[in-house]
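Coordinate analysis (summary)
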Amino acid sequence: MIDKIRDIEKFKKMLIAALMAIIEESGEDLQVIERKMTKVNEVLQCINIEPSGDEPSCSPNFYIEEYYGMYEEGRSIESIAAIIMDLYRENKMCRHIRNADPADRDNADRVILMLINRKGNEDLLKKIPHRDFLDLTVIYRVVISSDEDSIMSYILTDAILESWEMTEEEIYERALVQTDSILPANDTAENNIVIFTNASGVNGDSAFLMHRRLERAAEWLGGDFYIVPSSINELIGIPVNGASENAVRQAVIHSVDNGIVEPSEWLSYSLYRYEKDKGRVIII
């Protein structure tokens, strides 16, 4: 493991040098920035390519571990650097997105919520607004752009929320409404199960907090149902009278332990139940 860390660090230095060589040859006024990104369930090394000035910009994150995998498969440093530069140039229009500056309060109109597990995300939660929900935690993302195929967003931090002069309670109430409008629900019922997700296929776990969607699922399934936390992107509803609690719980554990769910998309080992009569979700 130590050797791999050293190899990745060496690879990063060579990759940055190759990127700078391309930039210098092209004459573009750009810089390469190294960052560590604290993401849900993991901390990743990344680089950004940005204009050299102080103008607010939006740069894609290029994650070192991902490109190191390409290097291990036999690609040269130079070809990987060329791929990254091509991707940057294809996406550099995002630098001109309106309100790219996170401090612009208008960005509050594009905040959505999602849930993550508290375990393993302690460092992340120290820097961002959040609230507990059972054994999970609600956090917030600011959507820069979205379509049917992808979504570009960043996690709302305490510093950004403070610059907006808003409280966590205010942003929660706003995000609760905006999540369904920005990422419209796309829940489906088939073979006596309900799949909770949305049009973009990401952050579907927000359904935990959407009472209208839970009530509709209860009608579809004929009463109380288990909620299987498939991932941060999708929840599965299974009628209580259609499966044993132990069987469903084992399915949750199996999906995580056998790599069906990527570590970055893991939500919980727990099993939940929606109680129709009380209109609430409980952990069981």
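Positions within a chain are numbered from 1, following the residues in the order the chain's sequence is written. With the structure being a predicted model, the display of local features is reserved for residues of pLDDT at least 70 and the display and counting of side-chain atom pairs for 80 or more, all residues being used for whole-chain, interface and lining totals. Just so you know, side-chain values use all the structure's heavy atoms and leave hydrogens and water out.

1. Remarks on the overall build of the chain
Helix and strand labels come from DSSP, where a helix needs a run of H or I of at least four residues and a strand needs a run of E of at least two; each type is numbered from the N terminus. Along the chain, the regular secondary structure elements total eight helices and 13 strands. Counting the 284 residues in the chain, one finds 45% classified as buried. Any two residues whose heavy atoms approach within 4.5 Å are treated as being in contact. Sequence separation of at least 24 residues holds for 57% of the intrachain contacts in the chain that already meet a minimum separation of 6. Per element, the accessible surface of the chain, about 14,700 Å² overall, is 48% carbon and sulfur. Residue exposure (1.4 Å probe, protein chains only): buried if accessible area is under 20% of the type maximum, exposed if over 50%, otherwise partly exposed. The protein chains shown are the only cover counted for residues, whose accessible areas, like all others here, come from Shrake-Rupley with a 1.4 Å probe.

2. Notes on helix 2 (residues 64–72)
Where helix 2 is concerned, the buried positions are I64, Y67, Y68, G69 and M70. The positive-phi residue at the C-terminal boundary of helix 2 is G74, with phi of around 115°.

3. Considerations on the confidence of the model for the chain
The predicted coordinates should not be examined in detail at positions where pLDDT is low. Every residue carries a pLDDT, the predictor's confidence in it, which falls somewhere between 0 and 100. In this model, the chain carries a mean pLDDT of 85, and residues with pLDDT of at least 70 account for 85%. A low-confidence stretch, residues 95–99 (pLDDT under 50), is modelled with 13 contacts involving residues beyond four sequence positions or located in other chains.

4. Notes on the nonpolar core
Within the largest apolar cluster, 44 residues are counted, with the highest numbers of intra-cluster contacts made by Y140, W164, I171, F208, F225 and I227. Leave out the neighbours within four places in its chain, and I227 touches F208, L214, L235, I236, L271, Y272, R273, Y274 and V281. The nonpolar core is taken to be a set of buried Ala, Val, Leu, Ile, Met, Phe, Trp, Tyr and Cys residues, with the residues joined through side-chain atoms within 4.5 Å.

5. Digging into the packing of aromatic side chains
Two numbers describe a pair of aromatic rings. These are the distance of the centres and the angle of the planes. Only Phe, Tyr and Trp rings are paired, with Trp represented by its six-membered ring, and only when their centres lie within 6.5 Å; those with planes under 30 degrees apart are stacked, over 60 edge-to-face, the remainder tilted. By the definition in use, this model includes nine aromatic pairs. Aromatic side chains Y68 and Y71 sit 6.2 Å apart centroid to centroid with 40° between the ring planes, which places their arrangement in the tilted category. Taken together, the residues span about one helical turn, with Y68 and Y71 both in helix 2 at a distance of three residues. Judged by its relative accessible area of 7%, Y68 is buried.

6. Description of the environment of R141
Among the secondary structure elements, R141 is positioned in strand 6 (residues 136–146). Spatially, the C-alpha atoms of R141 and M152 are 9.7 Å apart, while their sequence positions differ by 11 residues. Once residues within four sequence positions are removed from consideration, R141 is found in contact with R110, V111, I112, M114, S153, Y154, I155, L156 and N203. Polar contacts involving the side chain of R141 include one to the side chain of S153, which spans 2.8 Å. In protein, a polar contact requires one atom able to donate a hydrogen and another able to accept it; more generally it is a pair of N or O atoms within 3.5 Å, and residues adjacent in sequence count only if both atoms are side-chain atoms.

7. Examining the sheet that holds strand 3 (residues 62–63)
Paired strands are those between which DSSP finds at least two bridges. The antiparallel open sheet is built from three strands, whose spatial order is 1-2-3. Bordering the open sheet on either side are strand 1 (30–39) and strand 3, each of which pairs with just one other strand. Two strands pair when backbone bridges link them, and strand 1 and strand 2 (residues 42–51) are joined in this way by 10 bridges, in the antiparallel orientation. Bridge pairing in strand 2 places K39 opposite E42. Interaxial angle, 0 to 180 degrees, is taken between N-to-C directions of lines fitted to C-alpha atoms, where a helix line uses only the stretch in contact. On the sheet, helix 3 (residues 77–91) packs against strand 1, strand 2 and strand 3 and is oriented at approximately 65° with respect to strand 2.

8. A word on the environment of A108
In this fold, A108 is placed in the loop between helix 3 and strand 4 (111–117). Sequence-wise, A108 and L156 are 48 residues apart; in three dimensions their C-alpha atoms are separated by 9.6 Å. The residues touching A108, leaving out its near neighbours within four places in the chain, are W164, M166, I171, R174 and Q178.

9. Some words on the pairing of strand 2
Among the 10 residues in strand 2, eight count as buried, and that is most of the element. Where strand 1 hands over to strand 2, the hairpin turn is made up of two residues, of which N41 adopts a positive phi near 70°. Across two bridges, strand 2 lies against strand 3 in antiparallel orientation. Within the sheet, the bridge partner assigned to I47 lies in strand 3 and is F62.

10. Structural notes on helix 7 (residues 211–221)
Within helix 7, burial applies to R213, L214, A217, A218 and L221. The buried residues of helix 7 all sit within an arc of 140° when viewed along its axis, so they share a single face. Exposed side of helix 7, more than 90 degrees from the buried face: R212 and E219 are the residues found there. Of the surrounding secondary structure, the elements contacted by the buried residues of helix 7 are helix 6 (168–182), strand 9 (193–196), strand 10 (225–231), strand 11 (234–239), strand 12 (272–275) and strand 13 (280–283). Of the residues one or two after helix 7, G222 is the one with positive phi, at around 80°. Of all possible arcs, the one meant is that of the directions from the helix axis to the C-beta atoms.

11. Brief notes about the pattern of salt bridges
Just to be clear on terms, a salt bridge is a Lys or Arg side-chain nitrogen sitting within 4 Å of an Asp or Glu carboxyl oxygen. For the structure on display, the rule yields 16 salt bridges. Here D109 ties to R174 by a salt bridge, and the two come within 2.9 Å at their closest N and O atoms. One end of the pair, D109, is in the loop between helix 3 and strand 4; the other, R174, is in helix 6, and 65 residues separate them in sequence. One salt bridge connects R118 with D132, and the closest N-O pair in it is separated by 3.4 Å. In this pair, R118 sits in the loop between strand 4 and helix 4 (122–125) while D132 sits in strand 5 (residues 131–133), placing the two residues 14 residues apart along the sequence. Under the relative-accessibility criterion, D132 is labelled exposed at 54%. What emerges from the salt-bridge pattern is a single network uniting D180, D187, R212, R213 and R216.

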